[in-house]
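Given next are the chains, with one letter for each unit.
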Amino acid sequence: MKKVLTFTLILIALSAYSQDENREQISNAINTMVEGWKAGDGELFASPFTDDATFKTWFGLEINGKPAIAEGHNFIFKYFYANTVWNLKVDKIRFLTKDVALAYCSGAIFKVGDAEKTEPDCVPLAVFQKIDEQWKIVSFQNTLYAVGEGGKSPGDASVAKQAIWEKVGSR
């Protein structure tokens, strides 16, 4: 009985260690997106995604594939979000299976040099899959959280959607 209890405790400890390592990898992937955004580097931003990932923007545009996600973000970094920071962070991770997890995030975009916002303007959901021992984003839903001052949205979605659609479409 003592050996069974010892073995069970060892398995529990190893499982907890593995979950911590998985959580760290998932958080690091989100941090890579943040670094890519701050650097204005679409390829770095898109690097945690699978080649066939889906990215749904806050205004509903769907972008398919890592190359299109990178290209679309290079475009917005140049025209809409130049010199901005996205303070995206992981709020909660839920493991659906040993190799599929949901990362519930929140964040806000602000100009470099401005005070960091305390209230999020988006609450994205990232779906991760563990592939070859690496957690990769297979789907990312960037959901608008709140409205700006005076009840207006934080940007003109129709202008942004048309510009990005013309650039990358829905590949």
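These numbers were taken from a predicted model, which means no experiment stands behind them. (Residues numbered from 1 in each chain as written. Predicted model: local features only at pLDDT ≥ 70, side-chain atom pairs only at ≥ 80, totals over all residues. Heavy atoms only, no water.)

This paragraph deals with the state of the cysteines. Overall, the coordinates contain 0 disulfides when judged by the stated rule. This cysteine, C105, is not joined by any disulfide, and C122 carries the nearest cysteine sulfur, 8.5 Å off. According to the relative accessible area criterion, C105 is buried, its value standing at 2%. The class for C122 is buried, based on a relative accessible area of 4%. (Disulfide = S-S within 2.5 Å. Buried < 20%, exposed > 50% of the residue type's maximum accessible area, 1.4 Å probe, protein only.)

Let us now look at the confidence of the model for the protein chain. For the protein chain, the average pLDDT comes to 85, and 78% of its residues sit at 70 or higher. Considering only residues more than four positions removed or in separate chains, one finds that residues 9-14, a stretch of pLDDT under 50, has 0 contacts. (pLDDT = per-residue confidence, 0-100. Contact = heavy atoms within 4.5 Å.)

One key point about sheets: their strands pair by backbone hydrogen bonds, in either a parallel or an antiparallel sense. Strand order in the open sheet formed by 6 strands is β2-β1-β8-β7-β5-β4, and the pairing between neighbours is mixed. Each end of this open sheet is capped by a strand with a single partner; those strands are β2 (62-64) and β4 (89-97). Within this sheet the neighbouring strands show an average axis-to-axis angle of 25°, counted without direction. Judged from the 7 bridges that link them, β4 and strand β5 (residues 100-106) form a sheet pairing that is antiparallel. What sits directly across from F95, in β5, is A101. (Pairing = 2+ DSSP bridges. Helix = DSSP H or I, 4+ residues; strand = E, 2+ residues; numbered from the N terminus. Axes fitted to C-alpha atoms, helices over the stretch in contact; angles between N-to-C directions.)

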